[in-house]
Amino acid sequence: MKKLYILLALMICSLSFAQGTSSIKGKILDGEFSNEPLLMASVTINTGARSTQTNFRGNFEFNDISAGTYNITVQFAGYEPSHLKITVKEGEPAQILETLYAKRFSPPSTAKISSSTEDALSSSILLANQTR
């Protein structure tokens, strides 16, 4: 009888530790250079709860992830960040394949020159031409 209690206690303990975790794995590519792997890109789960960086092949992995829905942010300096919503199922690793693209900068707005500034510029140009 004592052996049965010990066996039952061990089974209950093992069930409490097996909490149905999974993982999130992925690869981040560089959309600017023929979809080459993006080295050292930052991958963050739920606004900083967990974070990692991609390796030399653009791969990353989070282990011991509980089943549920997560917001993932992928960032790299000079590139537009990517925001993903990933659903993780118990015992099934979630797979991500994402491509980042460089930030697009808009040209600076043209400056307006007032008439007094324009006159001053014209005068200095005339003076420079006369001194030659």
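In the block above lies the structure referred to throughout.
Enquirer: Looking at this structure, I do not really get the overall build of the chain. What am I missing?
Expert: For the chain, the count of helices and strands is 2 helices and 8 strands. Element order for the chain, N to C, with α for helix and β for strand: α-β-β-β-β-β-β-β-β-α. Summarising the internal contacts of the chain: among those between residues at least 6 apart in sequence, 52% fall at separations of at least 24. Here the chain displays about 10000 Å² of accessible surface, and carbon together with sulfur accounts for 57% of that area.

Enquirer: Help me understand the packing of aromatic side chains, please; the structure alone is not making it clear to me.
Expert: The description of an aromatic ring pair uses the distance of the two centres, along with the angle that the planes make with each other. Within this structure, the stated rule accounts for 2 aromatic pairs. Arranged with centres 6.0 Å apart and planes meeting at 65 degrees, the rings of Phe60 and Phe62 form a pair that is edge-to-face. Comparing Phe60 with Phe62 shows no difference in burial state: the two are buried. Seen in terms of ring centroids, Phe76 and Tyr79 are 5.4 Å apart; in terms of plane orientation they differ by 70 degrees. Their pairing is edge-to-face.

Enquirer: Explain a nonpolar patch on the surface to me, please; I cannot follow it from the model alone.
Expert: On the surface, a cluster of nonpolar side chains totalling about 330 Å² of accessible area is made up of Leu39, Met40 and Phe56. By the element assignment, Leu39 lies in the loop between β2 (36-37) and β3 (42-45). Exposure remark for Leu39: the relative accessible area of 34% places this residue in the partly exposed category.

Enquirer: Looking at this structure, how should I read unusual backbone geometry?
Expert: Glycine aside, a negative phi is what most residues show, and trans is what most peptide bonds show. Although it is not a glycine, Ser34 sits at a positive phi angle of roughly 55 degrees. Looking at the secondary structure, you find Ser34 in the loop between β1 (21-30) and β2. Positive phi outside glycine occurs at Asn35, with the angle close to 55 degrees. By the secondary structure assignment, Asn35 is in the loop between β1 and β2.

Cut-offs and rules
Residues numbered from 1 in each chain as written. Predicted model: local features only at pLDDT ≥ 70, side-chain atom pairs only at ≥ 80, totals over all residues. Heavy atoms only, no water. Helix = DSSP H or I, 4+ residues; strand = E, 2+ residues; numbered from the N terminus. Contact = heavy atoms within 4.5 Å. Areas by Shrake-Rupley, 256 points an atom, 1.4 Å probe, with all protein chains shown as cover. Phe/Tyr/Trp six-rings, centres within 6.5 Å; stacked < 30°, edge-to-face > 60°. Buried < 20%, exposed > 50% of the residue type's maximum accessible area, 1.4 Å probe, protein only. Patch = residues over 30% accessible without salt bridge, like charges linked within 9 Å, V, L, I, M, F, W, Y side chains within 5 Å. Salt bridge = Lys/Arg side-chain N within 4 Å of Asp/Glu carboxyl O.

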